[in-house]
Amino acid sequence: MAHKSYAKSIDLPTEQVFHNIRNAKRFAIDIGGSLAKVAYSSLVKKKSTMVFDEPDSFGSNKGSIYNVSETDQENIRLHFVKFETKYIETCLDFIQANLIQSKEFMMDKVIKVTGGGAYKYTELINSKLGVQVDKEDEMECLIKGCNFLLKNIADESFCYMRHGNPEYKFQGVDSDIFPYLLVNIGSGVSLCKVESESKFERIGGTSTGGGTFWGLGSLLTAAKEFDELLELAEKGDHKSLDMLVKDIYGGDYSAIGLSGEVIASSFGKAARCARDTQQSVPTFRKEDVARSLLLCISNDIGQIAYLQAKLHGVKKIYFGGFFIRGHPFTMHTITFAINFWSKGEIQALFLRHEGYLGAIGAFLKGMEEEDAERYSWGENLAGSSGLASPKQINPRVIEEMANSFTMLEINRLDRALLPCPLLLDVIGYFPDTVDLTQDKDARDYWLKCFADSATKTRDLAIKSQAHEPDATERADKFLMKYLERLKSFEQNPCAYGSLTVRSLLDTSTHFLEEFSFTDIFSQQKQVENEQALRLLASRLKTLDDLPPQERQLQLVLGMLAGNVFDWGAKEIRTILETRQFSLEDAQEKLQKRPWLFDDFDAWLSRMSQPKPYKCAVIFCDNSGVDIILGIFPFARHLLSIGTNVILCANSHPSLNDVVYGELLWIVKKASEVCPILSDAMREDRFKIMESGQASPCLDLRLIDENLVATIKEQEADLIVIEGMGRAVHTNFDATFACDALKVAVIKNKWLANRFGGDMFSVMFKFEKGRKVSSGTGLNTCTARR
């Protein structure tokens, strides 16, 4: 049979490559001439913490107010594995051995296959897996995959600037991705205008593409491989062959705005050289020839793409295909061409996972045929490969990384996530205060900070599952893998998008989940919630006995003091581990007024007005003292003056932050203490909702769709963001269409110094809502710092 001639890899794929393949439910394949991609879904087991609304009368928690238990859950994960097509037979053998139960079982099963190999390898796939091959249109799959990544994967798209700091400028998640131009550069070039999930058309193309570069390059330089040509081009100087404007005019042609360095004629000097020296074949360095050829083809592709974008009124152009493959110099030449032809109006955009577009699209087509419900998805940082470092400019090094087994893993989220409707400008919104890819001093500090705390995290993970015999082994694996990732960020901070404190926290969470640790602070939170609930009645009475103006200050001071109880801050953790520490102790630690950021007087003036707000949305932070003795009294006061309150907690655990499931129970117990809370709950004026987040930070581009709908229905006119992660590391610069209150105590000395303060400096920022200007909504790299 034909498949016997296919090459096999000497290294068999392993479970380290095909994660969870024994639990796979559905798969698809995209087979190109050089690279093949296998896509499959699996059920991944994970731990989840459950809070029960009754004490455990017989267990170790006898006498506790509530009980906590861990349970096993399953989550759907998408896996994408990329490898050289010549190894496809071995990979199919591996899939057959680990996935296919029997030929009889697979007889009625269908596999989605796209790419040129969908036709070439039909017989091989059918004979190996015993499935029917359903061939899917390659362009349709590419576009479906591109739409999926742009809407679901943070920092999927980026601009590349060869001499920038950093070289990659990521665009973030964009909920409004249409229209855009997808330029797929393979052997030839296809240009598709994409207007919606289902509407697209091929609007042009050119036969001068990657095949042209490879073919002409092989003839002109004798190079045999595509990446060998790129390596030559990287080392070359095109000016020895290309005729520049200055070669014709002696300098700039200022009358028509052309710089003297602009290429007037690709290979123009080669013709002159041959004529002037009477040589039949001019002698040029092969490196210079390769560079001139690459620039010639890139400039033409860039001009065609720009003209089509201009003709169709499209501002975003994404480039992909075998010609790109993450090669820095190739991205540089395309970027230069687009910038030149558009005069800087349009920037070339690239995709972190562009090699998986076809596989994702083919897989989604099969999945949608069985399940029409739409979900949101998020990248699993612990199971995905990152971008190659732009410092590794040797194409052979990048080729080795691109052609080796690389992975992408995506988790299905509980619900769809949408942008917060209170943001002033969703497209211009960037949650993170500091981009560590740009700020080396900050990057060095935070990488060391997270590395230093990793062992403590490991110890907490073991303690949280002390009854599990393999807890120590799994925790040690977490520590090793996480430290490896932190080390890699020192050399390549752009591997997974913009490196920020938020992404570092997310990475830690993902690695913990990878080794079945979901909520390592659950026991600590239980203790602190119970202790704080016992103090709530006396705290409310103390506040009620104060005169109105003094009560306003004490409400704010209580909220600030509560925010001190943060186990994620190293300095605070030391205090909490070594001594008894109360709300009053924390309040004594606070910076005295005037605070580092002090808008309290403006807030007091606003609150003195009759019923100042219709509805407040509060994004809360820590469990225990913070939520119960800090936030509850503040929310209670708003309710007492006629303001509806939406209290938002994380959907999933992170550090000692309160989680939605816990908050439901805590509010129920607090309502038994306070009639104001109880009445508001009964009247549906006090709503507890999940944010859709799983981080101490807050990305308002991606919050739970139910929360978005409620914010709109309630006509919220105040947003309160509490905590160092949510209001300092993220959203410090965020602007809103409604009034905003950003409240935090800075509990990190290095960070406080950055702001010109000290430990326990107070941030109390009250910002009036702004009107949306007609000029917002630009989607360019300049929208990001």
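Structural notes, computed from the coordinates.

Calculation notes
- Residues numbered from 1 in each chain as written.
- Predicted model: local features only at pLDDT ≥ 70, side-chain atom pairs only at ≥ 80, totals over all residues.
- Heavy atoms only, no water.
- Pairing = 2+ DSSP bridges.
- Helix = DSSP H or I, 4+ residues; strand = E, 2+ residues; numbered from the N terminus.
- 1 Å grid on protein atoms, 1.4 Å probe; cavity = no way out; pocket = protein on both sides within 12 Å on 5 of 7 lines; lining within 4 Å.
- Points joined across faces, edges and corners; volume = space filled by probe spheres on them.
- Nonpolar A, V, L, I, M, F, W, Y, C, P; charged D, E, K, R; others polar.
- Buried < 20%, exposed > 50% of the residue type's maximum accessible area, 1.4 Å probe, protein only.
- Salt bridge = Lys/Arg side-chain N within 4 Å of Asp/Glu carboxyl O.
- Phe/Tyr/Trp six-rings, centres within 6.5 Å; stacked < 30°, edge-to-face > 60°.
- Lys NZ or Arg CZ within 6 Å of the ring centre and 35° of its normal.

Points about the sheet that holds strand S21 (residues 686–690)
Thinking step 1. Judged by pairing direction, the sheet is mixed, and its 7 strands sit side by side in the order S18-S25-S24-S23-S19-S20-S21 without closing on themselves. Both outer strands of the open sheet, strand S18 (597–598) and S21, are each paired with one neighbouring strand and no more.
Thinking step 2. Both strand S19 (residues 615–619) and strand S23 (residues 718–722) contribute to a ladder of 4 bridges, which runs parallel. Counted as the bridge partner of valine 617 is isoleucine 719 from S23.

So, empty space enclosed by the protein
Thinking step 1. For the coordinates displayed, the defined rule picks out 6 cavities of 30 Å³ or more.
Thinking step 2. Taken as a whole, the largest cavity spans an internal volume of roughly 640 Å³.
Thinking step 3. Forming the walls of the largest cavity are 39 residues, and the residues nearest its centre are Phe450, Leu505, Gly568, Ala569 and Leu655.
Thinking step 4. Those elements that place two or more of their residues in the lining of the largest cavity are helix H14 (440–464), helix H16 (501–514), helix H19 (570–578) and helix H26 (724–729).
Thinking step 5. Tallied by class, the residues present in the lining of the largest cavity amount to 18 nonpolar, 11 polar and 10 charged.

Some points on unusual backbone geometry
Thinking step 1. Proline 166 follows asparagine 165 through a cis peptide bond whose omega is 0°.
Thinking step 2. Phi is positive for lysine 343, which is not a glycine, with a value near 55°.
Thinking step 3. Structurally, the position occupied by lysine 343 is in the loop between helix H11 (328–342) and strand S14 (348–351).
Thinking step 4. With relative accessibility at 73%, the residue lysine 343 sits in the exposed group.
Thinking step 5. The backbone phi angle of lysine 611 is positive, close to 35°, even though this residue is not glycine.
Thinking step 6. By secondary structure assignment, the location of lysine 611 is in the loop between helix H21 (600–607) and S19.

Some thoughts on the pattern of salt bridges
Thinking step 1. Evaluation of the coordinates by the stated rule reveals 55 salt bridges.
Thinking step 2. Notably, a salt bridge pairs aspartate 432 with arginine 502, separated by 2.6 Å at the nearest N-O pair. Linking aspartate 432 in the loop between strand S17 (417–418) and H14 with arginine 502 in helix H16, this pair joins segments that are 70 residues apart in sequence.
Thinking step 3. Taking relative accessible area as the criterion, aspartate 432 reaches 2% and is therefore assigned buried.
Thinking step 4. With its nearest N and O atoms 2.5 Å apart, the salt bridge here joins lysine 614 to glutamate 715.

Describing the packing of aromatic side chains
For any pair of aromatic rings, geometry is given as the distance between the ring centres together with the angle between the planes.
Thinking step 1. Evaluated as defined, the whole model comprises 36 aromatic pairs.
Thinking step 2. What links up through ring pairs into an aromatic cluster is the set Phe158, Tyr160, Tyr168, Phe170, Phe319 and Phe350.
Thinking step 3. The ring of tyrosine 613 is capped by arginine 606, whose NZ or CZ atom sits 4.3 Å from the centre of that ring.
Thinking step 4. One residue, lysine 765, lies across the ring of phenylalanine 597, its end atom 5.9 Å from the ring centre.

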